[in-house]
Amino acid sequence: MRRLALAALALVLVPVVGPAPATADGAGSRAAGTPAAGAPAAGAPAASARKLATQRQIALATPGDFTGHGFDQCLAPTQAAMDTWWRTSPFSAVGIYISGDSRACRSQPNLSPTWVATQVARGWRLLPIALGPQASCQPRFPRYKDDFSISPNPTGGYAQAARQGAAEADENAADAAAYGIGPGSTIWYDLEGFDLGNTHCRESALVFTSAWVTRIKALGYVAGFYSSASSGIKMLDDARRLRPGRFALPDRIWIARWDGAANTSTTYIPEDGWRPGGRMKQYRGGHDETWGGVTINIDSNFIDLGAGSQPRPEGRCPGTRLGYWKYPTLSPASAQATRVKVLQCLLEEQGTYSGAVSGSYDAATIAAARAWQAARRFTPTDTFEKRHWVALLSAGARTTVKRGSSDEAVHRLQRALNAAGAGRFRATGVFDAKTESALRAYQSRLRIAVSGVATRQTWNKLQRGL
């Protein structure tokens, strides 16, 4: 078995990572033709990835705090496909197979340190997957002549399985480092579904996993574990509940359960384990999806890790509340002071108003509103109506945002959707389920692609006040 030098770990400055595949009720790998053995890293050297990441000031380990949609595929997609899917798909996380001699896709022609750094710089959350030795009763493995399964020999409390687990962690960490995926990132060990009733098979797999977890954490990585809800995941949860403290358990679990429910729950284990922030679920198996004209065969995942997606301070209009459920029409005869303050502050940002943020819909405010209307090709009027609110609140960069995004563009989107009547929710700055639902309703109403993603086309409509 190939072993990369652990010294490579000391060279890593850029943390990054990627996800895994599945099977019927939860665990499984998708075969991808005849695999070729070989080292994982290809393309530009790690220094290029570090330079690119540094330019974008990437400092957090992947995937970080995140709640949203992800996909995984056997082969890492091309850069062109990733770029298109970032702009058009609801996915913000991608699983990549980086290590393990049991992978169907040992050869990864697109994957390199530069690929890794480029995705993270764009905003992708990477979920790195290792698929090495499998349970001894898993009928599809070993996959190759130079591959092997977890030893079911019970001698010494499954000592051989423990040694295998520690050695595999060394290899997985070194492979992650070769891709520029640094300590602090989560590495997911993929243990495909097996017969949970086979005692030696189960116990050796549990000992192997415990040793892998201990070693991968000692190397500075977060321990993630992917498996079928009914076998590997239940195995770990049974150990957690019934034999507490006996085995080292992973920090995070990736539940493979193809029930079609985009959440992190399964009936195979209770709700208390690995919560909050320690679960993701592969809820749909291999299928084709097409976004922006690019089709990829994927598994679908819902992710809720760490503290979840967190809002960022907006820093606009200090002391003035900008977010409301409704933005009623303003007129000389009727104008809510709270909404007038929003108007005055935003018009000041747009360069047409320079007075006090007083809440008074006075002559100066009306003149500024008319000037803004004319500049945006609206017919100037003394009233500030729904279409004006939608356009003004959405004004700014047409940044792609989707479930899990958290930046100033999300604030603008949420307020504009409320103004457009598509939603009625608090503008938190985090693109959550309510935001996604409101955006889909807005897109459906305007008969544009219903993706739940704020695409350039969506922003164009909003900034025209539609």
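Just above, that's the structure.
Now for a look at the structure at hand. (Residues numbered from 1 in each chain as written. Predicted model: local features only at pLDDT ≥ 70, side-chain atom pairs only at ≥ 80, totals over all residues. Heavy atoms only, no water.)

Points about helix α2 (residues 79–88)
By the burial criterion, the buried members of α2 are Ala 81, Met 82, Thr 84, Trp 85 and Trp 86. Contact partners of the buried residues in α2: β1 (66–72), β2 (93–99), α3 (113–122), β7 (278–291) and β8 (294–305). (Buried < 20%, exposed > 50% of the residue type's maximum accessible area, 1.4 Å probe, protein only. Helix = DSSP H or I, 4+ residues; strand = E, 2+ residues; numbered from the N terminus. Contact = heavy atoms within 4.5 Å.)

Focus: unusual backbone geometry
With an omega of 0 degrees, the peptide bond running from Phe 141 to Pro 142 counts as cis. Residue position: Pro 142 is located in the loop between β3 (125–130) and α4 (155–178). Cis rather than trans, the peptide bond between Arg 275 and Pro 276 has omega equal to -5 degrees. Note that Pro 276 resides in the loop between β6 (252–256) and β7.

Structural notes on the layout of surface pockets
Each pocket or cavity is described by its volume, and for the second largest pocket that value is around 160 Å³. Looking at the second largest pocket, the residues that line it are Pro 311, Arg 321, Gly 323, Tyr 324, Trp 325, Asn 418, Phe 425, Arg 426, Ala 427 and Thr 428. (1 Å grid on protein atoms, 1.4 Å probe; cavity = no way out; pocket = protein on both sides within 12 Å on 5 of 7 lines; lining within 4 Å. Points joined across faces, edges and corners; volume = space filled by probe spheres on them.)

Thoughts on the pairing of β8
Summarising the sheet, β1 and β8 pair through seven bridges and their orientation is antiparallel. Directly across from Gly 70, in β8, lies its bridge partner Asn 301. The sheet contact formed by β7 and β8 spans eleven bridges and is antiparallel. Along β8, the bridge assignment pairs Met 280 with Ile 303. (Pairing = 2+ DSSP bridges.)

Describing the sheet that holds β8
Two orientations exist for strands paired in a sheet by backbone hydrogen bonds: parallel and antiparallel. Taking strand neighbours around the barrel as the criterion, the eight strands line up as β1-β2-β3-β4-β5-β6-β7-β8 in a closed arrangement whose pairing is mixed. Neighbour-to-neighbour, the strand axes of the sheet open up by a mean angle of 35 degrees, direction not taken into account. (Axes fitted to C-alpha atoms, helices over the stretch in contact; angles between N-to-C directions.)

Describing the packing of aromatic side chains
When we look at a pair of aromatic rings, we describe it by the centre distance and by the angle of the planes. Under the criterion given, the structure shown has 14 aromatic pairs. Pairing Trp 86 with Trp 124 gives two aromatic rings, centres 5.2 Å apart and planes at 65 degrees, and the pair type is edge-to-face. In this pair, Trp 86 sits in helix α2 while Trp 124 sits in the loop between α3 and β3, placing the two residues 38 residues apart along the sequence. Trp 124 shares its class with Trp 86; the two are buried. Both rings, one in Tyr 189 and one in Trp 212, keep their centres 5.4 Å apart while their planes meet at 55 degrees; by these two values the pair is tilted. (Phe/Tyr/Trp six-rings, centres within 6.5 Å; stacked < 30°, edge-to-face > 60°.)

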